[in-house]
Structures are given as structure tokens and as C-alpha cells.
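Residue-level structure breakdown
Listed below are the residues making up each chain.
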Amino acid sequence: MSSMSLVPPRSPAPGDRPPHVSRVADYFTGGLDNLRADRELADRLRVAAPWLPQSVRAHRAHTTHVVRHLASEGFHQYLDLGCGLPYADQGDEALHPYDAARSILVDVHGAQADVRTVYVDNYGPAYGLANTILAEARGTLAVHADARNVAGLLALPSVTSTLNLDRPVAVLAHDLLPWLGDHYAVDLLNDLCRLLPPGSALSLTHTASDLPPGPESEGKDCIRMMAALYAEAGIAFHPRSAGHLRALLNRWSVQEPGVVRTELWGSGYGPFAQRPLAGAADFTGAYAAVALTTAP
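Procedures and definitions
- Residues numbered from 1 in each chain as written.
- Predicted model: local features only at pLDDT ≥ 70, side-chain atom pairs only at ≥ 80, totals over all residues.
- Heavy atoms only, no water.
- Helix = DSSP H or I, 4+ residues; strand = E, 2+ residues; numbered from the N terminus.
- Buried < 20%, exposed > 50% of the residue type's maximum accessible area, 1.4 Å probe, protein only.
- Contact = heavy atoms within 4.5 Å.
- Areas by Shrake-Rupley, 256 points an atom, 1.4 Å probe, with all protein chains shown as cover.
- Salt bridge = Lys/Arg side-chain N within 4 Å of Asp/Glu carboxyl O.
- Phe/Tyr/Trp six-rings, centres within 6.5 Å; stacked < 30°, edge-to-face > 60°.

Quick look at the overall build of the protein
Looking only at helices and strands, one finds 10 helices and 8 strands in the protein. When the 296 residues of the protein are sorted by exposure, 50% land in the buried category. Look at the contacts in the protein between residues 6 or more apart in sequence, and 74% of them connect residues 24 or more apart. About 13400 Å² of surface is accessible on the protein, with carbon and sulfur atoms providing 53% of the total.

In C-alpha cells:
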């Protein structure tokens, strides 16, 4: 008997809304913007992959970590693709991108540090809450758009009036590509590389298909079980290997330390080299990378 059967699926009641990955993540981190279907899928996913809730929390901390790194490298403009539902204040280690960048740039440029951030999501409630909560500060914007249409997104008047597209932009594609098939993933990455200003950056995180089972997994094929649960819920899920991600990034200049486990990114590299080496409790089951377009 599969361990997934320990939390059997409930027959949907009339009018039930299907689960959504943004709301599942919200539930894993103690949020309130989730429904019964999301909680039931999350509980079954947690049986399949006991480390998954900590992975969601670790990805939020990684966003803060990598944006601070990019800000220290001089990036003032950020494009957060698939921003998801805003999360509650979790202290200095889990900041939204605008706040993470300002935490570095204010020290350099003072209170008037010019940080520009555009939050993008095609899920209406995520956009609505981002527009209400995240897009209040000067230089911030929330956009209800499909990240796959890069040309259309970058041509929106609201985006061009917020971002200076003659200057480098740092794009965050955190936990975005696992929900896109190869065709869309290739087009998205290639279009970003082609259309962004020279010297722009991409920060990527992605569920791994080739890592050993995480802690408390008891040797289970967690990723296969997760994929089956998502498929049962009508959600396409595309974990990828490190080699597959390198191939997807073939038009980008991947920076050191390359495509590595998310919990290890930054350990021993750059201005945040003091980050402690991750242990079993920090397992994310995912990869991270930062890449640059070709500078002029």
C-alpha cells in the first residue's frame, strides 16, 4: 500500500474550487488564504514528501538572500515572475523583494535609494493581494499577466513607466518553471535573455528530479509521488535535473557556484559567504542558480 493512501482524497462537493499551488504554499507556511481543497492536497503532499513545508519556507528565505546579493552587485530593478500570494511578516530573513533590496541599498544610497519592483502573477487573488499589500511603496507595481508572454509584459505601459528598460533588471523566477512544460520554459528563458537590457540577471529556483530522498522520506520516491498527487488534482508538475536546467539556461551566463541545491547557494561565494552550510533540516529538494545576460 502506498503511503499516500494514509490521507485518502475526498470526493469533491458541488461548487468546490480545485486546489491551487499558490494557496497550497500559503497553507504550508501558516497563511490564511487557502481553501479546503488546498489543505487536503497539502496534507497528502506532506505525507509523500515530509520536507516540503520547510522547502517552501526555505525558498522564501532564499529570495531575501539572493535579492540582497543582487542589490549588493548594484541591481536596483526587480521583476518578480509568478510572485504568488504575499506572505506575513517573518522577520529580516523572509522579506519580499522590494524590502530585501532596500535593506542593502539604503545603506549605500540613504533613505532615497531608488528601488523599482514589479510583481507579476496570472492568478487573480495573488495579483489582487500583491496590488493591495506589495505595490504600496513608491516604485512598486503589481501586474495581472502571464509571465510566458515576455514581450507583451515588457511592453505594458505600467511596466515601462516603473522599470527603466535601458538599464539592467534582475528577474526572479522562483518556483515558476516547474509548472511549465519544456516548450514554455525554453521560450520564457530565451525571450528574457533576448529582450532584457544587457547586464540583466536571472535568479532561478526549481524542484529537482535527481536528488536523493530528503529527510524522513524513508527511501520513498518523493518527487514521483508528488507528481502523481498533482496530476490527480489536475496540476501539471515538471521537476527537472541539474543537467536539464543547465540546458535550459544555455543562452545565459550562469554565475558561480552554478546550478546547485538551493540550500547551498551562496555558501562560500560572494558577499554572503558566511552563510552556514546547510544541514538535513534545510533540505529543499530544489536547485538554484543566478545567471546574467551578456554585458555590453
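Remarks on the pattern of salt bridges
Applying the stated criterion across every chain yields a total of 10 salt bridges. Of the charged contacts in the structure, one is a salt bridge between D191 and R194, with a shortest N-O distance of 3.0 Å. A residue pair is termed a helical-turn pair when its members lie 3 or 4 positions apart in one helix, as D191 and R194 do in helix α8 (residues 182-195) at 3 residues. R224 is the salt-bridge partner of D221, the closest N and O atoms lying 3.8 Å from each other.

Examining the packing of aromatic side chains
Under the defined criterion, the tally for this structure stands at 5 aromatic pairs. Ring centres 5.1 Å apart and planes at 80 degrees place the aromatic pair W51 and F283 in the edge-to-face group. Here the residue W51 occupies a position in the loop between α2 (36-48) and α3 (52-72), and F283 occupies one in the loop between β7 (260-261) and β8 (286-292), the gap between them amounting to 232 residues. Across this residue pair, the class does not change: W51 and F283 are buried. Aromatic pair W179 and Y230: ring centres 5.1 Å apart, planes at 80 degrees, arrangement edge-to-face. Of this pair, W179 sits in the loop between β4 (170-174) and α8 while Y230 sits in helix α9 (residues 222-232); the two residues are 51 residues apart in sequence, bridging distant segments of the chain. Taking relative accessible area as the criterion, W179 reaches 21% and is therefore assigned partly exposed. Counting every residue linked through ring pairs, the aromatic cluster contains W179, Y230 and F237.

Let's talk about the environment of G199
For G199, the position within the fold is in the loop between α8 and β5 (201-207). The class for G199 is buried, based on a relative accessible area of 18%. When the C-alpha positions of G199 and A291 are compared, they lie 9.9 Å apart, and in sequence the two are 92 residues distant.

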